[in-house]
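Descriptive structure summary
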Amino acid sequence: MVWRIAFLFFSLPTLLFAQIPGWQVTLTPIPQELRADGEEPEFAPGSLLRVNVASRNICLLPEKTQVRIRAAAGTDWRDVTNTGERDFYPCPSNLSVVLPRELPLGPALLELRVDGNELLAPLTVVASRFGILSSEMGLLTRPFTGGSIVRVTGTGLGVAAREEIHAELDGQPLEFVEARYHAGRDELAFRLPASITADGCYAPVALRIAGRWTMTVPVAVSRSGGGACAHPLKLTEPQMAAIDAGRSAALARLTFSASPRGGLFLAEFFFAGEEALRQTAFSPHEEGCRVEPPRPERLFPVSLDAGVVALRMPDGETVPAPYFGPLPRGEYVMEGSGGRDVLPFRVEMKLPSPPVFARGGQRLPGGEVLIEWDPAGYVEGDMVVVSLSSGSSPYSCKARARNGSMRMPGALFPFPSTLVNVAIDRRKDTPLLFPFVLRNGASFWGVLDYSVSSYQTLRIASGGGQ
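Residues numbered from 1 in each chain as written. Predicted model: local features only at pLDDT ≥ 70, side-chain atom pairs only at ≥ 80, totals over all residues. Heavy atoms only, no water.

Considerations on the overall build of the chain
The number of helices and strands found in the chain is two helices and 35 strands. Taking all 466 residues of the chain together, the buried fraction comes to 49%. By sequence separation, contacts in the chain at least 24 residues apart represent 65% of the contacts at least 6 residues apart. Here the chain displays about 21,800 Å² of accessible surface, and carbon together with sulfur accounts for 52% of that area. Taken together, the 45 basic and 48 acidic charged side chains of the chain have centroids lying 1 Å from each other. (Helix = DSSP H or I, 4+ residues; strand = E, 2+ residues; numbered from the N terminus. Buried < 20%, exposed > 50% of the residue type's maximum accessible area, 1.4 Å probe, protein only. Contact = heavy atoms within 4.5 Å. Areas by Shrake-Rupley, 256 points an atom, 1.4 Å probe, with all protein chains shown as cover. Lys, Arg positive; Asp, Glu negative; His and termini not counted. Charge placed at Lys NZ, Arg CZ, Asp CG, Glu CD.)

Here you go:
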């Protein structure tokens, strides 16, 4: 028997619901970066998306599930390709599908037929909504050079025109070469300029498709054209060769996190592979204003024993790590007693405080809001981060603290006063480093990292300069 069910539809950021008691159908974009961006849920023709059903009575077995789509205006139903991907449970609650490439733009309905029932969920088909799935990073010991071809794979290119496809390497435009499509995945190829300005193992590449920026992805590049890239964690070429071969390097992190809710100091020593090193030294959002990409799952490499790590506070008090409590601005000293794996060490660091926007924000003639602060006392690599919610998603603007100013979209400030979170973070590709030595004599570099934040009411005044 086929059940025809009336649904109550809800619209939430990147989620679509079709609900009745005990049933819930959810459509989500597959690229991580599109999952919580505060915009209305939209999908481009040819996109990958995931269908989830919250019900103990429905099993989305690919061989027993049919998915169709049609324009809400009443066009013919079209079959939706099932990729066969599902979760590992015997009764899977989700599956991945590919929307047809020839879909009219506008409102549409997705139909899910399973276990003799029909479930409907609304969606909107838009010209393009691209998100990155993967990219070529290159080897640390054989990085990309001028003229190299870099490939990025994503989904949701849709019907974007060639002139709407744009890419930058750390702000330097790249030449678009070609786009290939297969089973919901769009592979875009770009050529690096003959003379590139970026250098390093994690140079940021970002794409702008139909006016919408993606998150940044890392690419290993070399301006000189020979040898290994310049690693921000000071790995030697033999150490980078080991990483390229799938092995690990020793890594340490001394991390301060201070906010109005309290403070935390952690001392961590471990063996780290390529992914952990990249997470430590590359951020998917550096300067500019973007929706914050989702945080990657934290990697847990093999721990190293460094003994007891003590933290001496600015007032002279010494406490063992981990430490939970106030972390005021000032000079800190970290000392490790040494352990089974790591020799004794000593590190000094000055913890800054967030800037104060004494003049508030100035709304410029073009609509942007200019905020300024005193750049004195900040060091290279310090970033000012201003965060607030856009819709239901975190949105932030970042600028180098030494710049002393930042421009933010005026649409974020519809009221004269807005509560924002202001932080000083470390720029990941410009880390503060300290040396440490393993018991076997091998030398590596650790990272001093901090994030110090506070809440401020930003008052917006009209006028201002250019």
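Structural notes on the pairing of strand β26 (residues 330–336)
The buried count for β26 comes to five of seven residues, which makes it a mostly enclosed element. For strand β23 (residues 309–312) and β26, the ladder comprises four bridges, and the chain directions are antiparallel. Within β26, the position partnered with V309 by the bridge is G336. With seven bridges joining them, β26 and strand β27 (residues 345–351) adopt antiparallel strand pairing. Counted as the bridge partner of E335 is R346 from β27. (Pairing = 2+ DSSP bridges.)

Re the pattern of salt bridges
Applying the stated rule across the entire model yields 23 salt bridges. R340 is the partner of D305 in a salt bridge, and the nearest nitrogen-oxygen pair spans 3.5 Å. Placement of the pair is D305 in the loop between β22 (288–291) and β23 and R340 in the loop between β26 and β27, with a sequence separation of 35 residues. According to the relative accessible area criterion, R340 is exposed, its value standing at 60%. (Salt bridge = Lys/Arg side-chain N within 4 Å of Asp/Glu carboxyl O.)

So, helix α2 (residues 274–281)
Among the residues making up α2, those that are buried are A276, L277, T280 and A281. Summarising the axial view, the buried residues of α2 lie within an arc of 120°, below the 170-degree limit, and thus occupy one face. Lining the buried residues of α2 we find β17 (200–209), α1 (237–244), β20 (249–259), β21 (262–272) and β35 (443–462). (Arc of directions from axis to C-beta.)

Observations regarding unusual backbone geometry
Comment: phi is negative for the bulk of residues other than glycine, and the bulk of peptide bonds are trans. Cis geometry is adopted by the peptide bond preceding P322, which originates at A321 and carries an omega value of 0°. Looking at where P322 falls in the secondary structure, it is placed in the loop between β24 (318–320) and β25 (323–324). Despite not being glycine, D170 shows a phi value in the positive range, around 50°. Within the fold, D170 resides in the loop between β13 (165–169) and β14 (172–173). Given the relative accessible area of 44%, D170 is considered partly exposed. At A183, a residue that is not glycine, the phi angle is positive and equals roughly 50°. With respect to the helices and strands, the residue A183 is situated in the loop between β15 (175–182) and β16 (185–191). Residue classification places A183 among the partly exposed residues on the basis of a relative accessible area of 41%.

Quick look at the packing of aromatic side chains
Within the structure shown, the criterion is met by nine aromatic pairs. Ring-pair connections join several aromatic residues into one group, and the members of that group are F269, F345, F434, F436 and F444. The side chain of R101 reaches across the aromatic face of Y181, ending 3.9 Å from its centre. One Lys or Arg, K234, reaches over the ring of W445 and ends 4.1 Å from the middle of that ring. (Phe/Tyr/Trp six-rings, centres within 6.5 Å; stacked < 30°, edge-to-face > 60°. Lys NZ or Arg CZ within 6 Å of the ring centre and 35° of its normal.)

Topic: the confidence of the model for the chain
Averaged over every residue, the pLDDT of the chain is 88; residues scoring 70 or more account for 92%. For the stretch residues 1–22, pLDDT sits under 50, and the model shows 70 contacts to residues farther than four places along the chain or on other chains. (pLDDT = per-residue confidence, 0-100.)

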